[in-house]
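For reference, the chains in residue letters:
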Amino acid sequence: MALRAALRNKCGLSGLLSQWSSCSSHGRVCVSPVLVSQQRNNSTSPKIKVDVDQSSGVAVMHMQSPPVNSLSLDFLTEFCISVEKLEMDKSCRGLIITSSQPKVFSAGLDIMEMYGKSPERCGEFWRAVQEMWLKMYSSNMVTIAAINGSSPAGGCLMSLTCDYRIMADNPRYSIGLNETQLGIVAPFWFKDTMTNTVGHRTTEIALELGLLYSPAEALKIGLVDQLVPEDQVLTTATQTMTKWLAIPDHARQITKSMMRKPIIDKLTSNREADIQNFVSFITKDSIQKSLRMYLEMLKKRKG
Amino acid sequence: MALRAALRNKCGLSGLLSQWSSCSSHGRVCVSPVLVSQQRNNSTSPKIKVDVDQSSGVAVMHMQSPPVNSLSLDFLTEFCISVEKLEMDKSCRGLIITSSQPKVFSAGLDIMEMYGKSPERCGEFWRAVQEMWLKMYSSNMVTIAAINGSSPAGGCLMSLTCDYRIMADNPRYSIGLNETQLGIVAPFWFKDTMTNTVGHRTTEIALELGLLYSPAEALKIGLVDQLVPEDQVLTTATQTMTKWLAIPDHARQITKSMMRKPIIDKLTSNREADIQNFVSFITKDSIQKSLRMYLEMLKKRKG
Amino acid sequence: MALRAALRNKCGLSGLLSQWSSCSSHGRVCVSPVLVSQQRNNSTSPKIKVDVDQSSGVAVMHMQSPPVNSLSLDFLTEFCISVEKLEMDKSCRGLIITSSQPKVFSAGLDIMEMYGKSPERCGEFWRAVQEMWLKMYSSNMVTIAAINGSSPAGGCLMSLTCDYRIMADNPRYSIGLNETQLGIVAPFWFKDTMTNTVGHRTTEIALELGLLYSPAEALKIGLVDQLVPEDQVLTTATQTMTKWLAIPDHARQITKSMMRKPIIDKLTSNREADIQNFVSFITKDSIQKSLRMYLEMLKKRKG
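The rules behind these values
Residues numbered from 1 in each chain as written. Chains lettered and ligands numbered in written order. Predicted model: local features only at pLDDT ≥ 70, side-chain atom pairs only at ≥ 80, totals over all residues. Heavy atoms only, no water. Helix = DSSP H or I, 4+ residues; strand = E, 2+ residues; numbered from the N terminus. Buried < 20%, exposed > 50% of the residue type's maximum accessible area, 1.4 Å probe, protein only. Contact = heavy atoms within 4.5 Å. Areas by Shrake-Rupley, 256 points an atom, 1.4 Å probe, with all protein chains shown as cover. Pairing = 2+ DSSP bridges. Axes fitted to C-alpha atoms, helices over the stretch in contact; angles between N-to-C directions. Least-squares fit on C-alpha atoms with pLDDT ≥ 70 in both. Salt bridge = Lys/Arg side-chain N within 4 Å of Asp/Glu carboxyl O. Disulfide = S-S within 2.5 Å. Buried area = accessible area lost by both parts, 1.4 Å probe. Polar contact = N/O pair within 3.5 Å; in protein donor to acceptor, adjacent residues only side chain to side chain. Nonpolar A, V, L, I, M, F, W, Y, C, P; charged D, E, K, R; others polar. Parallel < 35°, antiparallel > 145°, perpendicular 65-115°, else oblique. Left-handed = near helix turned anticlockwise from the far one by under 90°. Expected span 1.5 Å × (residues − 1). Arc of directions from axis to C-beta. Right-handed = clockwise from strand over helix to strand, strands pointing away.

1. So, the overall build of chain A
Right, on to step 1. The helix and strand inventory of chain A stands at 11 helices and 8 strands.
Right, on to step 2. Counting every position in chain A, which comprises 303 residues, the buried fraction comes to 62%.
Right, on to step 3. A fraction of 77% describes how many contacts in chain A between residues 6 or more apart in sequence connect residues 24 or more apart.
Right, on to step 4. Counting every atom, chain A has about 11500 Å² of accessible surface; 53% of that belongs to carbon and sulfur.

2. Side note on unusual backbone geometry
Right, on to step 1. A cis amide bond links A:P66 to the next residue, A:P67, at an omega of -5°.
Right, on to step 2. Positive phi outside glycine occurs at C:N69, with the angle close to 50°.
Right, on to step 3. Of note, C:N69 is situated in the loop between β2 (58–63) and β3 (70–71).
Right, on to step 4. Phi angles above zero are rare outside glycine, and C:K103 is one such case at about 75°.
Right, on to step 5. You can see C:K103 is positioned in the loop between β4 (94–99) and β5 (108–109).

3. A word on the sheet that holds β2(C)
Hydrogen bonds along the backbone pair up the strands of a sheet, which may run parallel or antiparallel.
Residues and elements named next belong to chain C.
Right, on to step 1. In space, the 6 strands of this open sheet follow the order β1-β2-β4-β6-β8-β10, with mixed pairing throughout. The outermost strands of the open sheet, each flanked by one partner alone, are β1 (48–53) and β10 (226–228). Looking at each pair of strands side by side, their axes are set apart by 20° on average, direction ignored.
Right, on to step 2. Looking at chain direction, strand β6 (residues 142–147) and strand β8 (residues 164–168) are connected through 4 bridges and run parallel. Within the sheet, the bridge partner assigned to I144 lies in β8 and is Y164.

4. Observations concerning the sheet that holds strand β3 (residues 94–99) of chain B
Residue and element names in this part refer to chain B.
Right, on to step 1. Spatially, 6 strands are ordered β1-β2-β3-β4-β6-β8 in an open sheet, and the strand pairing comes out mixed. Only two strands of the sheet have a single partner each, and these edge strands are β1 (48–53) and β8 (226–228). Here the strands of the sheet are splayed against their neighbours by 20° on average, with no regard to which way each runs.
Right, on to step 2. Taken together, the 4 bridges between β3 and strand β4 (residues 142–147) define a ladder with parallel strand orientation. Looking across to β4, one finds that I96 is bridged to I144.

5. Points about the relation of the copies chain B and chain A
Right, on to step 1. Of the two same-sequence chains, chain B is brought onto chain A (RMSD 0.0 Å, axial shift 0.0 Å) by a rotation of 120°. Both copies of the chain, as the preceding transformation shows, are related through a three-fold rotation axis. Among all residues of chain B, the minimum C-alpha distance to the rotation axis is found for B:G199, at 4.3 Å.

6. Points about the pattern of salt bridges
Residues and elements named next belong to chain A.
Right, on to step 1. In this structure the tally under the stated criterion is 51 salt bridges over all chains.
Right, on to step 2. Notably, a salt bridge pairs K49 with D51, separated by 3.2 Å at the nearest N-O pair.
Right, on to step 3. K49 sits in the partly exposed class, given a relative accessible area of 38%.
Right, on to step 4. A relative accessible area of 34% places D51 in the partly exposed class.
Right, on to step 5. Between K261 and D265 there is a salt bridge; the shortest N-O distance is 2.8 Å.

7. Things to note about the state of the cysteines
All names here are of chain A.
Right, on to step 1. Following the criterion strictly, the structure yields 0 disulfides over all chains and no others.
Right, on to step 2. Distance from the sulfur of C92, which forms no disulfide, to the nearest cysteine sulfur (C162) is 13 Å.
Right, on to step 3. Taking relative accessible area as the criterion, C92 reaches 5% and is therefore assigned buried.
Right, on to step 4. Among the cysteines around C156, which has no disulfide bond, C162 carries the closest sulfur, lying 11 Å off.

8. Thoughts on the interface of chain A and chain C
Right, on to step 1. Facing the 20 residues of chain A at the interface are 19 residues of chain C.
Right, on to step 2. Both sides of the chain A and chain C interface together cover about 1800 Å² of buried area, and 64% of this is carbon and sulfur.
Right, on to step 3. The largest per-residue losses of area from chain A upon contact with chain C belong to A:H200, A:R201 and A:E208, which jointly make up 38% of the total buried on that side.
Right, on to step 4. Connecting chain A to chain C are 2 salt bridges.
Right, on to step 5. Between C:R260 and A:E204 there is a salt bridge; the shortest N-O distance is 2.8 Å.
Right, on to step 6. The interface formed by chain A and chain C contains 6 residue pairs in polar contact (both at pLDDT 80 or more).
Right, on to step 7. Of all the secondary-structure elements, those providing two or more residues to the side of chain A that touches chain C are α5 (188–198) and α6 (200–209) of chain A.
Right, on to step 8. In terms of residues, the side of chain A that touches chain C owes the most to one element, α6(A), which gives 8 residues.
Right, on to step 9. Considering only residue class, the side of chain A that touches chain C consists of 9 nonpolar, 7 polar and 4 charged.

9. A look at the packing of helix α3 (residues 119–137) of chain C against helix α5 (residues 188–198) of chain C
For any two helices packed against each other, one specifies the inter-axial angle together with the distance between the axes.
All names here are of chain C.
Right, on to step 1. Between α3 and α5, the shortest axis-to-axis distance is 12 Å and the interhelical angle comes to 25°. With respect to α5, the element α3 is oriented roughly parallel. Read as a crossing pair, α3 and α5 show a hand that is left-handed. Along its contact with α3, which presents W126, V129, Q130, W133 and Y137, the element α5 presents W189, F190, T193 and N196.
Right, on to step 2. Taken together, the residues that form the contact of α3 with α5 break down as 6 nonpolar, 3 polar and no charged.

10. A closer look at the side chain of A:S150
All names here are of chain A.
Right, on to step 1. Checked against the element boundaries, S150 lands in the loop between β4 (142–147) and β5 (151–152).
Right, on to step 2. Its relative accessible area of 1% is what places S150 among the buried residues.
Right, on to step 3. A polar side-chain atom of S150 sits 3.0 Å from the main-chain amide nitrogen of S174.

11. Some thoughts on helix α10 (residues 271–282) of chain C
All names here are of chain C.
Right, on to step 1. Compared with the 16 Å implied by 1.5 Å per residue over 12 residues, the 17 Å span of α10 between its first and last C-alpha is a close match.
Right, on to step 2. For α10, the set of buried residues is R271, D274, I275, F278, V279, F281 and I282. In an axial view of α10, the angular spread of the buried residues amounts to 165°, which keeps them on one side of the axis. The exposed residues of α10 that point more than 90 degrees off its buried face are Q276 and N277.

12. Considering the interface of chain B and chain A
Right, on to step 1. Across the contact, 20 residues belong to chain B and 19 residues belong to chain A.
Right, on to step 2. Carbon and sulfur atoms supply 64% of the area that chain B and chain A bury against each other, a total of about 1800 Å² over both sides.
Right, on to step 3. Where chain B packs against chain A, one counts 2 salt bridges.
Right, on to step 4. Seen at the junction of chain B and chain A, the total is 6 residue pairs in polar contact (both at pLDDT 80 or more).
Right, on to step 5. Of all the elements in the fold, those that place two or more residues in the side of chain B that touches chain A are α5 (188–198) and α6 (200–209) of chain B.
Right, on to step 6. Taken together, the residues of the side of chain B that touches chain A break down into 9 nonpolar, 7 polar and 4 charged.

13. Observations regarding the pairing of β3(B)
Each regular strand carries side chains that alternate between the two faces of the sheet.
Residue and element names in this part refer to chain B.
Right, on to step 1. In terms of burial, β3 is a largely internal element, 6 of the 6 residues being buried.
Right, on to step 2. Every second residue of β3 is oriented toward a common face, with G94, I96 and T98 on one face and L95, I97 and S99 on the other, all of them buried.
Right, on to step 3. Strand direction decides the pairing type here: strand β2 (residues 58–63) and β3, joined by 6 bridges, are parallel. By the bridge assignment, V60 is partnered in β3 with I96.
Right, on to step 4. Between the parallel pair β2 and β3, the chain is carried across by helix α2 (residues 73–88), and the sense of this crossover is right-handed.
Right, on to step 5. The parallel pair β3 and β4, bridged by helix α3 (residues 119–137), forms a crossover whose chirality is right-handed.

This is the structure:
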């Protein structure tokens, strides 16, 4: 629980991560944007629970990886396998993604996958992040993000892959691609996904400043499609799904592909280069040093 | 008048077209979006009346093909010839397009051009649809759509080719590219035109759900530029034209071309493939069966 | 002072420039959009004053070329040298651009650089306009436009190159790319910059009609980011700069480059063709004749 303790204390991180504190300065719940160090969970309990309603053909994926659904290699692997299974199940036409953890949808990429790891391992991790995006952004299913908590960085990206985003109207939550705040950069396909959603200028300013938006702000710029009271996020997602499933699948799928194919092709044809790029960046001494300082700071607060 | 009768009855179509009824569920006038079966009119009376005001250099094209200005091969041929004549007339600098039919601007592509026709004929029809788009989207004239009625599918596309869109502020009218509602897909150049007008995300959601917008909604997303009371649509179009004609033609034309050329070039260089694509889709047994069911249903209602 | 006198008189220009008067018809201060004929200033006094705050690393460039900071070859050369110096100064991280002239930020390109000049000289001038855009749009510094007056045509372009735009909330000021109003055309990279800022459709209508927007309208379409009372433009720019400089430079710079590189590359690889295009247009007899009429009209008003 070190992380949450640190967050309660609104710690200012030093070095690379020195901008961190600014995002918690408005009383929002900032659950470790971008990088998350969570307690290792050696149990084999699933990180994702999937409920399929056979009558409606709608699956709900509950992310339940404490404390903040950080995107570790294990989590992403399980996530991708779950999506693939549903994709191949002809009776499943819709997928709702939500969180079982309090106050957070997903806090983004797991810092432990990037610190002190071999280049090979880092590459494996990044390939899994790409895979999650590719699977979700090109899914034949109708995908709806039921965003019942904060959703920074990788969590925001996951939301952006969906066809529709419903967020809890709780001003303590935030959403955005805040990578630059920590000194790192959202890669081109994060940027492309954001641009397809909110346009070029909003993306430019959001990514350069690493902005985290309140639900109201996110709605205004089109980063999410709808706000509802926190206890109605999932039911609204289910009702919305019904509307989407009223459209003939085949026509909807071709249309979706037509809209999204250009940027999917861009990553597909640059996948290895993108991995190399990530690995060479994250294994830099300066970046590793910053991550170490961040982790030590977290340990101290835990003590 | 079968169609209008059917519409009054808010008929639910089965099979491929089963989503149809949903678009008339809010009390809007849904004049057979996408596909229209109209009474054959064997007279040679013109489907389009063109009035040119020599003093102002402005032409008004009144679409007068009962009952709903559906885009048949004959209609499109007459339309394209009219536009080409005006284009070559140096004294004509502006074109306003409007409807002489009550409650509808244009109901879109004529279903009879797609049912039981030879591939050759289908291809000829699709080439005419392309031609209408190419001529209008690249016109050197200032083009204004005076949208005095519902304008689904192909009717919406025709509006989108214009430089400016003025719509009657009647909540019973609707406008949008609703193809997916009927199980068919708006091709890439419909999609590109929509994206150039309302942006990527709005287009994605509009095309995937086949949304028809009320005038107020259409104004909000930028699908139309202005709403006026129904009896002022044409006069407002004329006044607006004066403003546009105050700009030196040459500079405006070069600017227009610069904005639109990329997607015009895309169709021009993929025209045959796009025709093949349409023909192979529309001549599929499953699609022909759906069209037959739709037509039989219309006949029954007529009886 | 001929120009301002002419403007006070809301002169209607004839021929090519006949649309000019329309832009001053709403009581706005229209300081010679696009083309400016200013009194020759033979002194060697600098046209730009640069103040660098060493503690914050922020430079302020005051444009002080009477009467309206028109973009002459001399001005652009001095401007580009100033920017380059700051760019190479590692201690300088931010740049604010503002005007020392009353009521105008910059009135755009200097007409005298285009009238009666040799093709070589015209080409040299256009290369300087390109250079200004390239340097600013790709600057590693945080760039903020403190727009304390009207900013038509080239002045608007200069503002659009910045990361953020703060404008004086004075309804007598205007901003926009109004080239078509004078019968000339904003080239593709003006268009691309505008599209990146306000989207495709808004750019289409703005450029085709050569629209000048009031501050309130400019804010609404996203042409500027913020309005403040006139006496707070510079202080707000300084405060905003602090927020931008809180982001690690390296991450922000990579992100900025990722957003802007596509259209920068487009000009870079078409630079000579773009110069040829400008020179062949501006040296046309018809254009030169229009410029002469415009200048004679200005002289008459001066007398």
